[in-house]
Structures are given as structure tokens and as C-alpha cells.
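Here is what each chain is made of, one letter per residue.
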Amino acid sequence: MTRDEVLEVFREAGAILEGHFILSSGLRSPIFLQKARVFMYPEKTERLCKALAAKIRAAGLGDIDFVVGPAMGGLIPGYETARHLGVRSMWVEREDGEFRLRRFEMPKGARVVIVEDIVTTGLSSRETVDALKKTGAEVLAVACLIDRSGGEADTGVPLVALTDYKVPAYPADQLPPELAALPAVKPGSRGLA
Ligand SMILES: O=P(O)(O)OC[C@H]1O[C@H](OP(=O)(O)OP(=O)(O)O)[C@H](O)[C@@H]1O
Ligand SMILES: O=C(O)c1cc(=O)[nH]c(=O)[nH]1
Ligand SMILES: [Mg+2]
């Protein structure tokens with residue numbers, strides 16, 4: 001899928017929000033891609049994840065045993081991408097703030113692709129890579145639907161993005177005045193009890 005096609009799916013779902021958002025990394029942005037609104041539609045989710053699965057196969061990573069999606073955003077695309085790859089799906093979720101594979105046994109040496117919804121700084125992806133390495137898994141790549149960093153995020157492993165879409169993000173003490181004038185909201189789940 002082209003960038004325009006991917007963004008059109010987000011637009012049709014009303015998932016491209018404008019305002020003042022606090023991102024998972026703490027950066028602030030005037031745009032938030034509310035993927036949950038895309039995942040409301042099974043057929044839109046299927047279309048995106050089928051295309052992502054094809055891109056993962058084309059990356060030549062060799063055999064894949066599992067897809068792992070970081071909760072919450074990676075849960076649905078992780079499952080759906082695993083379905084198109086014909087592999088099993090697991091997720092990591094936060095326990096005391098740290099991603100853990102709480103509900104699954106990862107076989108030692110399992111070959112894993114992480115599937116994220118959105119990558120901004122790559123911080124959540126790196127945390128997921130670290131959590132999986134602790135289980136003895138081999139992390140082949142991080143895949144995502146949209147890379148907001150425009151290729152700048154460093155996940156520590158290869159990054160396969162369905163598309164990239166560079167969106168501005170600012171440290172909290174360097175906000176442009178028009179952003180500072182708006183009340184800030186934090187849509188994601190990091191830091192929630
Ligand atoms: O590349 P990063 O800077 O880490 O940002 C991207 C992460 O932020 C969002 O998760 P968030 O922690 O907001 O929670 P969610 O998965 O529940 O939406 C998104 O799902 C990615 O996991
Ligand atoms: O960086 C983030 O936290 C983030 C950005 C975005 O556009 N969408 C999202 O779900 N998370
Ligand atoms: Mg997330």
C-alpha cells in the first residue's frame with residue numbers, strides 16, 4: 001500500500017486527530033493517530049495488516065515462529081498480522097511499568113517479529129525487544145503500520161514500516177505557542193495504573 005492509501009484508511013476511520021497530545025515518550029504533538037478508531041473496522045484492519053505481513057515476508061527475515069504485539073496498541077495489529085503470516089501471536093503487557101510476557105511461555109531461541117501500531121521514538125519497541133530477549137527469543141525485526149519518525153527511530157533491530165509519515169513532535173519545554181495554547185491530552189496507556 002502507498003502512504004496515501006494507508007493515511008486514507010486512517011482518515012476514513014476518523015483516526016487522524018488534531019489538538020495537543022502527550023505522546024508515550026512524553027513528547028508533545030499537534031497530531032495523534034488514534035489507531036483504535038481504525039481497529040474498530042475489521043476490514044480496514046485486515047487490509048493494513050495483510051499488506052504489513054506481505055512487507056514482512058518481503059524483508060527476507062527467514063522463518064518466523066511468533067508475532068508479539070505490545071499492549072495495548074500492538075494487540076490487534078499483532079494478532080491480525082500473525083494471521084496473515086500463518087504464525088502464532090502473543091502480546092507483552094506492562095506490569096509495574098515494564099513490558100512482560102505474562103501469559104505465555106516463549107520457547108528458547110524462538111524467532112520473533114514485534115508488531116507495533118505506531119512508532120514515534122522507538123522507545124516502546126526497544127522496551128519490547130529487551131523484554132523478549134530476556135525470555136531467550138531471537139528478535140528478527142520490529143514491524144509497524146506507521147513510522148512517525150520518518151525513519152529516524154532506532155529500535156535496535158531492523159524496522160519494517162507499512163509506511164512512514166513524519167509528524168512534528170516537541171519536548172514539553174519547547175512548544176510552539178499555538179500548541180502551548182491548547183489543553184494537553186494523553187490518549188495512550190503508558191503510565192496508567
Ligand atoms: O515509539 P514510541 O515513542 O514508544 O511511541 C509509540 C508507542 O506509543 C503508543 O503506545 P502507548 O504507550 O501510548 O500506549 P497504547 O499502546 O496503549 O496506545 C504506540 O502504541 C506505541 O507503542
Ligand atoms: O507516540 C505516541 O505515543 C503515539 C503517536 C500516535 O500518533 N499515535 C499513537 O497511538 N501513539
Ligand atoms: Mg503502544
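Looking up the chain in an unreviewed UniProt entry gives the name Orotate phosphoribosyltransferase, with the organism given as Roseibium limicola. We quote the UniProt Subunit (unreviewed entry) comment for the chain here in full: "Homodimer." Its UniProt record gives the chain the following Cofactor (unreviewed entry) comment, quoted word for word: "Mg(2+)".

Visitor: Hey, could you run me through the packing of aromatic side chains in this one?
Guide: On inspection of all chains with the given rule, the structure shows 2 aromatic pairs. A ring pair is formed by Phe21 and Phe32, whose centres lie 5.5 Å apart and whose planes are at 35 degrees; its orientation type is tilted. Taken together, the residues span a long stretch of sequence, with Phe21 in strand 1 (residues 16-22) and Phe32 in strand 2 (residues 28-33) at a distance of 11 residues. Across the pair, Phe32 and Phe21 agree in class, each one buried. Plain terms: the ring middles of Trp91 and Phe104 are 5.0 Å apart, the flat faces sit at 85 degrees to each other, and that makes the pair edge-to-face. Of this pair, Trp91 sits in strand 4 (residues 88-95) while Phe104 sits in the loop between strand 5 (98-100) and strand 6 (111-119), and the two are 13 residues apart along the sequence. Taking the ring centre of Tyr41 as reference, the NZ or CZ of Lys44 above it sits at 4.9 Å.

Visitor: What's the story with the pattern of salt bridges in this structure? I'm lost.
Guide: Opposite charge on two side chains permits pairing when their charged atoms draw close. Taken as a whole, this structure holds 15 salt bridges when the rule is applied. For Arg100, the salt bridge goes to Glu95, with nearest N and O atoms at 2.9 Å. As a salt-bridge pair, Arg190 and Glu127 come within 3.1 Å of each other at their nearest N and O atoms. Residue Arg190 is located in the segment after helix 6 (177-180), and its partner Glu127 is located in helix 5 (residues 123-134); the two are separated by 63 residues in the primary sequence. Salt bridges sharing partners connect three or more residues here, namely Glu93, Glu95, Glu98, Arg100, Arg102, Arg103 and Lys134.

Visitor: Would you mind showing me how to read the site of ligand 2 here?
Guide: The environment of ligand 2 is formed by Leu23, Ser24, Phe32, Leu33, Lys35, Ile118, Thr120 and Arg148. At 2.8 Å, a backbone N or O of Ser24 approaches an oxygen atom of ligand 2. Leu33 has a polar backbone atom sitting 2.8 Å from an oxygen atom of ligand 2. In the complex, 92% of the free accessible area of ligand 2, which totals 290 Å², lies under the protein chains. Residue classes in the shell around ligand 2 are distributed as 4 nonpolar, 2 polar and 2 charged.

Visitor: Explanation requested: the site of ligand 1 in the structure shown.
Guide: Taken together, 18 residues sit near ligand 1, with Glu116, Asp117, Thr121, Ser124 and Ser189 positioned nearest. Within the side chain of Thr121, a nitrogen or oxygen atom sits 2.5 Å from an oxygen atom of ligand 1. At 2.5 Å, a side-chain N or O of Ser189 approaches an oxygen atom of ligand 1. For ligand 1, whose accessible area on its own is 500 Å², the fraction buried by protein is 92%. Those elements that provide at least two residues to the shell around ligand 1 are strand 6 and helix 5.

Reading the values: the criteria
- Residues numbered from 1 in each chain as written.
- Chains lettered and ligands numbered in written order.
- Predicted model: local features only at pLDDT ≥ 70, side-chain atom pairs only at ≥ 80, totals over all residues.
- Heavy atoms only, no water.
- UniProt positions renumbered as here; feature names shortened; annotations may be inferred.
- Phe/Tyr/Trp six-rings, centres within 6.5 Å; stacked < 30°, edge-to-face > 60°.
- Helix = DSSP H or I, 4+ residues; strand = E, 2+ residues; numbered from the N terminus.
- Buried < 20%, exposed > 50% of the residue type's maximum accessible area, 1.4 Å probe, protein only.
- Lys NZ or Arg CZ within 6 Å of the ring centre and 35° of its normal.
- Salt bridge = Lys/Arg side-chain N within 4 Å of Asp/Glu carboxyl O.
- Near = heavy atom within 4 Å.
- Polar contact = N/O pair within 3.5 Å; in protein donor to acceptor, adjacent residues only side chain to side chain.
- Areas by Shrake-Rupley, 256 points an atom, 1.4 Å probe, with all protein chains shown as cover.
- Nonpolar A, V, L, I, M, F, W, Y, C, P; charged D, E, K, R; others polar.

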